[in-house]
Amino acid sequence: MKPLAADEKIAMVMLYTPNMLVRGEVVTKENLRVSIWLRTQGVPNYIHLIKPQVILLGGTPPKSLSYSEIFIPTAEVIGFHLAPPEQDPMDYDTTETNRMMQPMEVMIGSFLAKARIRISMQTDVATSLDVSRVSWLSVYDADISNPYLPQFNVRVPMLLVNPSHVSFGMA
């Protein structure tokens, strides 16, 4: 790894693809809010992670791998967040009226996030998801688990999901 530039920082993140979970460090600009990085214009085609820990979920049992660096195609990422306990400020104004938090279960590959999404009070979930044309949707207060990894339980205040690659369930 090359030395950090004066305007760079390292952040520990977790990302999800259809068949793996990766935890590692990313190098970003100092002034960037890492939790919304994938929404910005500067996102690379490959997310470069340093000292990643990888769990492959394509077979039984899950397999752990370690590398010094890994490059994950950004197009393959379906979920992304800062690794706890790190967190950024929320990406919405808490005093905003006419918005509500809707409880959901978000299926991110084989991971399940019991969480909330923020939608307009003038619409329903189906319409909100249908008219939303975002490539990354914020999900809040998420408890993430996986039936194939019983020891895995992560709670994050916010994560980004690719709404065209995840499913949303209402209890």
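Up top is the structure.
Note that the structure is predicted; figures quoted are calculated from it, not measured.

*Asks:* Explanation requested: the pattern of salt bridges in the structure shown.
*Replies:* Where charged atoms from two side chains of opposite charge come close, those side chains can pair. All chains considered together, the criterion is met by 6 salt bridges. Of the charged contacts in the structure, one is a salt bridge between glutamate 96 and arginine 118, with a shortest N-O distance of 3.2 Å. Here the residue glutamate 96 occupies a position in the loop between strand 6 (79-82) and strand 7 (99-108), and arginine 118 occupies one in strand 8 (residues 111-120), the gap between them amounting to 22 residues. Accessibility expressed as a relative area gives 15% for arginine 118, which makes it buried.

*Asks:* What exactly am I supposed to notice about the environment of serine 66 here?
*Replies:* Within the element layout of this structure, serine 66 appears in strand 4 (residues 63-66). With a relative accessible area of 61%, serine 66 lands in the exposed category. Sequence separation of serine 66 and lysine 51 is 15 residues, and the distance between their C-alpha atoms is 7.3 Å.

*Asks:* Which parts of the structure should I look at to understand the packing of aromatic side chains?
*Replies:* Note on aromatic pairs: each is described by the distance of the centres and the angle between the planes. Per the stated rule, a full pass over the model turns up 4 aromatic pairs. With 4.9 Å between their ring centres and 75° between their planes, tyrosine 16 and phenylalanine 111 make a pair best called edge-to-face. Of the two residues, tyrosine 16 sits in strand 1 (residues 8-17) while phenylalanine 111 sits in strand 8, which places them 95 residues apart along the sequence. For the residue pair tyrosine 16 and phenylalanine 111, the accessibility class agrees, reading buried in each case.

*Asks:* I tried to follow the environment of proline 44 on my own but got confused; where do I start?
*Replies:* Looking at where proline 44 falls in the secondary structure, it is placed in the loop between strand 2 (20-29) and strand 3 (46-56). Along the chain, proline 44 and proline 73 lie 29 residues apart, while their C-alpha atoms are 8.8 Å from each other. In this structure proline 44 touches Trp37 and Thr74, once residues within four positions along its chain are discounted.

*Asks:* Looking at this structure, I do not really get the pairing of strand 8. What am I missing?
*Replies:* Residues in a regular strand point their side chains to alternate faces of the sheet. Most of strand 8 is tucked away, with 7 of its 10 residues classed as buried. Bridge count between strand 7 and strand 8: 10 bridges; the pairing is antiparallel. Across the sheet, residue methionine 107 finds its bridge partner in strand 8, namely leucine 112. If you look at the hairpin formed by strand 7 and strand 8, you'll find 2 residues sitting between the two strands, and glycine 109 has a positive phi there, around 60°. As judged from the 4 bridges shared by strand 8 and strand 9 (residues 137-145), these two strands associate in the antiparallel manner. Pairing of arginine 116 across the sheet is with tyrosine 140, part of strand 9.

*Asks:* Would you take a moment to explain the side chain of aspartate 88 for this structure?
*Replies:* Checked against the element boundaries, aspartate 88 lands in the loop between strand 6 and strand 7. An unpaired buried charge is present at aspartate 88: no salt bridge exists, and arginine 33, the closest side chain of opposite charge, is 4.9 Å distant. Here valine 34 takes part through its backbone nitrogen, which lies 3.0 Å from a polar atom of the side chain of aspartate 88. Residues contacting aspartate 88, with those up to four places away along its chain left out, are Arg33, Val34, Ser35 and Leu82.

*Asks:* What should I look at first to understand the nonpolar core in this one?
*Replies:* Taken as a class, soluble globular proteins show a tendency for nonpolar side chains to be buried jointly. Membership of the largest hydrophobic core comes to 26 residues, with the highest contact counts inside it found for Tyr16, Ile108, Phe111, Ile144 and Phe152. The set of elements that each furnish at least two residues to this core consists of strand 1, strand 7, strand 8, strand 9 and strand 10 (153-161). If you tally residues by element for this core, the top one is strand 8, at 5 residues. The contact partners of phenylalanine 111, leaving out residues within four places of it in the chain, are Tyr16, Leu21, Leu57, Val106, Ile144, Ser145, Asn146, Leu149 and Phe152. By size, the runner-up hydrophobic cluster in this structure holds 20 residues, among which are Val13, Leu49, Phe80 and Leu82.

Conventions used here
Residues numbered from 1 in each chain as written. Predicted model: local features only at pLDDT ≥ 70, side-chain atom pairs only at ≥ 80, totals over all residues. Heavy atoms only, no water. Salt bridge = Lys/Arg side-chain N within 4 Å of Asp/Glu carboxyl O. Helix = DSSP H or I, 4+ residues; strand = E, 2+ residues; numbered from the N terminus. Buried < 20%, exposed > 50% of the residue type's maximum accessible area, 1.4 Å probe, protein only. Phe/Tyr/Trp six-rings, centres within 6.5 Å; stacked < 30°, edge-to-face > 60°. Contact = heavy atoms within 4.5 Å. Pairing = 2+ DSSP bridges. Lys, Arg positive; Asp, Glu negative; His and termini not counted. Polar contact = N/O pair within 3.5 Å; in protein donor to acceptor, adjacent residues only side chain to side chain. Core = buried A, V, L, I, M, F, W, Y, C linked by side-chain atoms within 4.5 Å.

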